[in-house]
Amino acid sequence: MGLLRAAGVVYKPVEQLDLGPDSNEIYVKADIKAPRMGGLLAKIFAWILESRIFGALAFYILKRLNRVHKFISNATVEEPPLFVPLHPYVDLDEQEVIEIDSDASPAERVQQAMNCLPLTSENSLDAFKFSCFRLWTIADYSRAYRNGEITPLKVAERFIDAVHESSSRPLSIAFFINYDAEDILRQATESTLRYERGAPISALDGVPIAVKDEIDCSPYPTTGGTKWLHKVRPCTGDACCVARLRSCGAILVGKTNMHELGATPSGINPHYGWEFLVDFLFHKPNLQLNTVTCSVCECCRPPRNPYDPSRISGGSSSGSAAVVCAGLCPAALGVDGGGSVRMPASLSGVVGFKPTFGRIPHSGVLPLNWTVGMVGVLAGTLEDAFIVYAAISGHLPSPEPTTLPPKIHFPLLNSTNPISNIKLAIYGEWFNDCNEEIRLCCSNAVQLLCERYNWKTVEVTIPELEVMRLAHYVTIGSECSTALSSHLENLGRSEFGWDARVVVDIYGAFNSNEYIKAQKLRYRHMQIHNKIFAKADVIVTPTTGMTAYSISKNALKTGELDYVNGGAIIRYQIAGNFLGLPAITVPVGYDKAGLPIGLQFIGKPWSEPTLMHLAFAMQALCITDYRKPKVFYDILGKK
């Protein structure tokens, strides 16, 4: 196809790029050339891609139409490749923080985090309950347990009843791929006994925490949303992050639903859903759900959005977002490889936090995208995200560290001196590349924040954002394809859902030239963002370009490929993953349909405390406007 070779871009040196507000760098919008596919169309497209005759031509056309050839394959990039976005630790001299002993246990870090939070009296809390809707927090659970208002065992029983109810008609919300009622009750009984003895381990003792089914958590298999991965990669124990939560006394309540292999942002999984199995399984809690699946009938259900069950909750950490939004857990773990924590958090109206690459040990997480993926936290409030982060953060113990471990700082959210002189970088054309309701809501939120704290916005230009999106796609696709290659040789593609099957086919079409070019672009964009962060403390954007869209009926059987809507949802996510930057989303309002809107802060490497300060300030300004989801469970039983 040499005669049809597309011309490639010649990138000029980063030093010649103008990143100021009057730059002549052109903002290139995503122009995704791919129809929405589900049902029969998804099957036909998979067959075409896998055809020896038409497959190569189809891949060539897709790459050319979607500008992969122009921006990556045939581009000239002078920068060296950067294969892993590890950032050398730099002490940022952040405001209102406290340094934490790196040898502190997870329970000790949780206590130190609690000491950083503002005190809330019982009376003020009761008054607050009647002024607006709020999710029950970790502090609420801890206080109720200590005061004897309720026990972890009673909470566990109510949790199990709620999961049963939510999985049945008419809701049919598949929050979980797998949960074991007997194991949950065992953990809750042990926690209850600790409270009766007056010796809880930490504020997390007895608190229900859910885990995305991409993270090892005993006694459950780790499916990655597939029907087969747990068979070739057995789960032999807890991931490091899960073990740290367990050591704090948290009740690990099961493995949340997710998009198969994290393949798209919708969160729809055709393999798992309980509608016809739930009554049987509820009375056989030791049976693992993934041993009985249904992929050919409409009984399979996605983790629906609690604000509107006809819409997606977002992916790929869809179940984790939905379970927090619905009040079943104050927090859940997710994995963020392409916005997969922040997107569902925003679409479901909760906080989503992705730390700096390397801040949380990745041990025990499915190795699907090892240079862009990172364990993250979804929580009802910034405080809860902070507490869970405190428990799971820190380096994996190593006898021979190869790099200087980064220091751990916590934000003093209880400080009477708010942080000052914050500069928020905004790239106007990018910020405004969303629907009008999101643009207005997020713009108003930023204005409110700046007026309240006398912070400043800095207009900047961040060039080549669409290039970075494509380079990230080549990277995550190549890594996932490599991780699965040995299994594909043995299993073929018949075990995949049709949407994941198409995605895996496309992932396998990237070559070594494209992967290397993508890593050169990673280094390039690292330099660009370093220059932006020399001008400002954080970059602020909407979290998604649209709110949650409707679930199509034919997607329930085959999954779906919706790259146009997917592109709008993922528009602001890529720097956090491709460049390993910390980022956080906090809910700031709703559209006319009552669907949540999130605002995102992207920070410098290792700037988690500053991000949490900003998110906490934003949360405080928006908290009286929180609305109760249509599907909500009051697990603590308070009114």
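Keep in mind the model is a prediction, meaning the values are calculated, not measured.

A. Here's a closer look at empty space enclosed by the protein. Tallied over the entire structure, the rule returns 5 cavities of 30 Å³ or more. Roughly 140 Å³ of volume is contained in the largest cavity. For the largest cavity, the lining is made up of 13 residues, of which Trp430, Leu465, Glu466, Arg469 and Arg571 are closest to its centre. Every element with two or more residues in the lining of the largest cavity is listed here: helix H17 (465-491) and helix H21 (563-570). Of the residues forming the lining of the largest cavity, the biggest block, 4 residues, is contributed by H17. A per-class count over the lining of the largest cavity returns 8 nonpolar, 1 polar and 4 charged.

B. Local environment of the sheet that holds strand S9 (residues 351-354). Strand order in the open sheet formed by 11 strands is S3-S5-S4-S8-S10-S9-S16-S17-S14-S12-S13, and the pairing between neighbours is mixed. The open sheet has two free edges, formed respectively by strand S3 (176-178) and strand S13 (456-459), since each of these has just one partner strand. Mean inter-strand twist for the sheet, computed between neighbouring axes without regard to direction, equals 30°. Looking at chain direction, S9 and strand S16 (residues 583-590) are connected through 3 bridges and run antiparallel.

C. How the structure looks around the pattern of salt bridges. Scanning the entire structure with this criterion turns up 26 salt bridges. Note that glutamate 466 is salt-bridged to arginine 469, the shortest N-O span being 2.7 Å. A residue pair is termed a helical-turn pair when its members lie 3 or 4 positions apart in one helix, as glutamate 466 and arginine 469 do in helix H17 at 3 residues. A relative accessible area of 5% means that glutamate 466 is categorised as buried. Given the relative accessible area of 16%, arginine 469 is considered buried. Each of Lys29, Asp433 and Arg571 takes part in a single network of salt bridges with overlapping partners.

D. Focus on the packing of aromatic side chains. Tallying each qualifying case throughout the model produces 17 aromatic pairs. Relative to tryptophan 498, the ring of tryptophan 47 lies with its centre 5.6 Å away and its plane at 85°, an arrangement referred to as edge-to-face. Of this pair, tryptophan 47 sits in helix H1 (residues 40-49) while tryptophan 498 sits in helix H18 (residues 498-507), and the two are 451 residues apart along the sequence. The class of tryptophan 47 is partly exposed, set by a relative accessible area of 47%. Ring geometry for tyrosine 473 versus phenylalanine 510: centroids 5.9 Å apart, planes at 90°, classification edge-to-face. Note that tyrosine 473 is positioned in helix H17 and phenylalanine 510 in the loop between H18 and helix H19 (512-533), a separation of 37 residues in sequence.

E. Seen up close, the side chain of serine 166. Residue position: serine 166 is located in helix H7 (residues 152-167). The class of serine 166 is buried, set by a relative accessible area of 0%. Look past the residues within four positions of serine 166 in its chain and what remains in contact with it is Leu171, Ser172, Ile173, Phe175 and Tyr633.

F. Structural context of the packing of H17 against H18. It is at 8 Å that the axes of H17 and H18 come closest, and there the two elements cross at 105°. The angle between H17 and H18 falls in the class roughly perpendicular. Residues Tyr473, Ile476, Gly477, Cys480, Ser481, Leu484 and Leu488 of H17 form the contact with H18, whose participating residues are Val504, Ile506 and Tyr507. Its residues placed into classes, the contact of H17 with H18 shows 8 nonpolar, 2 polar and no charged.

G. Quick peek at unusual backbone geometry. Residues serine 218 and proline 219 are joined by a peptide bond in cis, for which omega reads 15°. Relative to the helices and strands, proline 219 is located in the loop between strand S4 (208-212) and helix H9 (229-232). In this structure, asparagine 421 is a non-glycine residue whose phi angle is positive, near 60°. Among the secondary structure elements, asparagine 421 is positioned in the loop between strand S11 (408-411) and strand S12 (423-426). Using a relative accessible area of 65% as the deciding quantity, one classes asparagine 421 as exposed. A positive phi is found at glutamate 464, a non-glycine position, where the angle reads about 60°. As for its position among the elements, glutamate 464 is in the loop between S13 and H17.

H. Up close: the nonpolar core. Counting residues in each nonpolar core, the largest one holds 202 residues, and the members touching the most others are Leu204, Leu333, Ile392, Val588 and Phe601. If you tally residues by element for this core, the top one is H17, at 10 residues. Those residues in contact with isoleucine 392 that sit more than four places away from it in its chain are Cys241, Arg244, Leu245, Leu333, Ile360, Pro361, Val375 and Val377.

I. The arrangement of the packing of helix H14 (residues 382-392) against helix H23 (residues 608-622) in detail. Where H14 meets H23, the axes come as close as 9 Å, and the angle between the chain directions of the two elements is 155°. The orientation of H14 with respect to H23, classified from their angle, is roughly antiparallel. Seen from H14, the contacting residues are Leu382, Glu383, Phe386 and Tyr389; seen from H23, they are Glu608, Met612, Ala615, Phe616 and Gln619. When its residues are assigned to classes, the contact of H14 with H23 shows 6 nonpolar, 1 polar and 2 charged.

The rules behind these values
- Residues numbered from 1 in each chain as written.
- Predicted model: local features only at pLDDT ≥ 70, side-chain atom pairs only at ≥ 80, totals over all residues.
- Heavy atoms only, no water.
- 1 Å grid on protein atoms, 1.4 Å probe; cavity = no way out; pocket = protein on both sides within 12 Å on 5 of 7 lines; lining within 4 Å.
- Points joined across faces, edges and corners; volume = space filled by probe spheres on them.
- Helix = DSSP H or I, 4+ residues; strand = E, 2+ residues; numbered from the N terminus.
- Nonpolar A, V, L, I, M, F, W, Y, C, P; charged D, E, K, R; others polar.
- Pairing = 2+ DSSP bridges.
- Axes fitted to C-alpha atoms, helices over the stretch in contact; angles between N-to-C directions.
- Salt bridge = Lys/Arg side-chain N within 4 Å of Asp/Glu carboxyl O.
- Buried < 20%, exposed > 50% of the residue type's maximum accessible area, 1.4 Å probe, protein only.
- Phe/Tyr/Trp six-rings, centres within 6.5 Å; stacked < 30°, edge-to-face > 60°.
- Contact = heavy atoms within 4.5 Å.
- Parallel < 35°, antiparallel > 145°, perpendicular 65-115°, else oblique.
- Core = buried A, V, L, I, M, F, W, Y, C linked by side-chain atoms within 4.5 Å.

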